[in-house]
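Breakdown of the fold
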Amino acid sequence: MPRDLKIVYYVEADAAALAARAAERFVELTEQAVAARGQARIAISGGSTPKAAFRLMGDPGQPWRARMPWDKIDLWWVDERCVPPGDPDSNYRMTREALLDHVPLAPGQNHRMEGELEPEKAAARYEAELRSGFRLEGAELPRFDVLQLGMGPDGHTASLFPHSLALHEMSRLVTANKVEGVKDSLRITLTRPVINNAAEVFFLIGGADKAQILKEVMLGPRDEERLPSQLIHPENGILTLLLDRAAAALLPPPDAQGCGILERN
Ligand code: 6PG
């Protein structure tokens, strides 16, 4: 029986405030990791929601770029579409345009998933890079200091899509996944054991189109095949959600500080 999960959610007024809250979360968790371990290994998701936060983190006119200890960061991806890095659907391209082109990360500090390769080969190569980068032995899992997730309107997260084979992958670190009925239906994704082993996991979710699915995932009965985001149960027993009001509309109202807490086992 899974241990209880404490879900802490922070609700911001709108998309701009949510982006600022996400930039702050990335920076504060990175600062904590560097203070504790001398480095920060960060895994980011793609899609559209993180773009505004990445832009803020790369903007010299904003406070976060100067606070970020860029030389101490190793940047990894949670998932990638099986397209070349210059493709409009590439998560790497989105991140490069919003962030990487504007910050001093050396090439060796960012670990791109090779979406241009045959999916299984790309997954195997990324797994090998994780094993090398984290100096893993045997069945050890990489432990990201910070891992950011999004949530699709169908309840998927990373590229763990409803009723897909990747949901049940418990031994590999990275797997390819064929997604029925989704544009660019081939993906590469970190697997759920890797995601749940991260020290700090947070979802970044905005927009009214996510309100219903968020309610189902967080408050509804367990149905992990249909709602893969319910598989996310970090080892530390705490799951953080950064939301805007529109996405949080069907959750219990937060307190006066915009914070709410849910318990789930
Ligand atoms: C991807 C993402 C995916 C994303 C959700 C939410 O490759 O698309 O990693 O898991 O986080 O689909 O995407 P939006 O933020 O665009 O709604």
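Further up the page is the structure itself.
Note that the structure is predicted; figures quoted are calculated from it, not measured.

1. Some thoughts on unusual backbone geometry
Its identity is not glycine, yet R135 carries a phi of approximately 50°, on the positive side. Looking at the element boundaries, R135 is found in the loop between helix 5 (119–133) and strand 6 (146–149). Positive phi outside glycine occurs at A158, with the angle close to 50°. Note on placement: A158 falls in the loop between strand 6 and strand 7 (174–178).

2. What about the environment of R65?
Among the secondary structure elements, R65 is positioned in helix 3 (residues 63–67). Accessibility expressed as a relative area gives 27% for R65, which makes it partly exposed. Along the sequence, R65 and G38 sit 27 residues apart, while their C-alpha atoms lie 18 Å from each other. Filtering out sequence-adjacent residues up to four positions away, R65 remains in contact with M57, G58, D59, P60, W70, H102, V103 and P104.

3. Some thoughts on the site of the ligand
Neighbouring the ligand are 16 residues; S48, T49, D79, A158 and K210 lie closest to it. Backbone polar atom of A158 to an oxygen atom of the ligand: 2.6 Å apart, as the coordinates give it. Interatomic distance of 3.2 Å between a side-chain N/O atom of R187 and an oxygen atom of the ligand. Partitioning the shell around the ligand into residue classes produces two nonpolar, ten polar and four charged.

4. Thoughts on the packing of helix 2 (residues 49–58) against helix 4 (residues 91–98)
Close contact between helix 2 and helix 4 brings their axes to 8 Å; oriented N to C, the two are set at 30°. One way to sum up the angle between helix 2 and helix 4 is to call them roughly parallel. Here the hand of the crossing between helix 2 and helix 4 comes out right-handed. When helix 2 is examined against helix 4, the residues K51, F54 and R55 are found in contact with a partner set consisting of M94, T95 and A98.

5. Observations concerning the sheet that holds strand 4 (residues 79–81)
One open sheet holds the three strands; their spatial order is 4-8-7, and the pairing between them is antiparallel. The strands lining the two open edges of the sheet, one partner per strand, are strand 4 and strand 7. Going across the sheet, the axis of each strand differs from the next one's by a mean of 20°, ignoring polarity. When strand 7 meets strand 8 (residues 186–190), the two strands line up antiparallel, connected through five bridges. Within strand 8, the position partnered with N177 by the bridge is R187. The strands touched by helix 5 are strand 7 and strand 8; relative to strand 7, the strand with the most contacts, the crossing angle is about 160°.

6. Observations concerning the packing of aromatic side chains
Here the structure, examined in full by the defined rule, presents seven aromatic pairs. Seen in terms of ring centroids, F26 and F202 are 5.1 Å apart; in terms of plane orientation they differ by 70°. Their pairing is edge-to-face. One end of the pair, F26, is in helix 1 (residues 15–37); the other, F202, is in strand 9 (residues 201–205), and 176 residues separate them in sequence. Across the pair, exposure class does not vary: F26 and F202 are buried alike. Relative to Y92, the ring of W77 lies with its centre 5.4 Å away and its plane at 50°, an arrangement referred to as tilted. Of the two residues, W77 sits in strand 3 (residues 73–77) while Y92 sits in helix 4, which places them 15 residues apart along the sequence.

7. Concerning the side chain of E114
Position of E114 relative to the elements: it lies in the loop between strand 5 (110–111) and helix 5. Exposure remark for E114: the relative accessible area of 17% places this residue in the buried category. Apart from residues no more than four positions distant in its own chain, E114 is found in contact with A122, R125 and I188.

8. Observations concerning the environment of A66
Along the chain, the position of A66 falls in helix 3. On the accessibility criterion, A66 (73% relative accessible area) is exposed. Measuring from C-alpha to C-alpha, the distance between A66 and V27 comes to 9.9 Å, with 39 residues separating the pair along the chain.

9. Thoughts on the nonpolar core
In this structure, F144, L147, L190 and M218 are the most contacted members of the largest nonpolar core, which totals 79 residues. Among the elements that line this core, the one with the most residues is helix 1, at nine residues. When residues no more than four places from it in sequence are discounted, the contact partners of M218 are I7, M151, L239, L241, L251, L262 and R264.

10. Notes on the sheet that holds strand 5
Hydrogen bonds between backbone groups are what pair the strands of a sheet, and the pairing can be parallel or antiparallel. Read from one edge to the other, the open sheet built from eight strands follows the order 5-3-2-6-9-10-1-11, with strand pairing classed as mixed. Sheet topology places strand 5 and strand 11 (259–264) at the edges, where each strand pairs with a single neighbour. As paired elements, strand 9 and strand 10 (residues 238–244) share four bridges and run parallel to each other. For I205, the partnering residue across the bridge sits in strand 10 and is L243. Sheet contacts for helix 1: strand 1 (5–12), strand 2 (40–44), strand 3, strand 6, strand 9 and strand 10; angle to strand 10, the most-contacted strand, approximately 150°.

Reading the values: rules and limits
Residues numbered from 1 in each chain as written. Predicted model: local features only at pLDDT ≥ 70, side-chain atom pairs only at ≥ 80, totals over all residues. Heavy atoms only, no water. Helix = DSSP H or I, 4+ residues; strand = E, 2+ residues; numbered from the N terminus. Buried < 20%, exposed > 50% of the residue type's maximum accessible area, 1.4 Å probe, protein only. Contact = heavy atoms within 4.5 Å. Near = heavy atom within 4 Å. Polar contact = N/O pair within 3.5 Å; in protein donor to acceptor, adjacent residues only side chain to side chain. Nonpolar A, V, L, I, M, F, W, Y, C, P; charged D, E, K, R; others polar. Axes fitted to C-alpha atoms, helices over the stretch in contact; angles between N-to-C directions. Parallel < 35°, antiparallel > 145°, perpendicular 65-115°, else oblique. Left-handed = near helix turned anticlockwise from the far one by under 90°. Pairing = 2+ DSSP bridges. Phe/Tyr/Trp six-rings, centres within 6.5 Å; stacked < 30°, edge-to-face > 60°. Core = buried A, V, L, I, M, F, W, Y, C linked by side-chain atoms within 4.5 Å.

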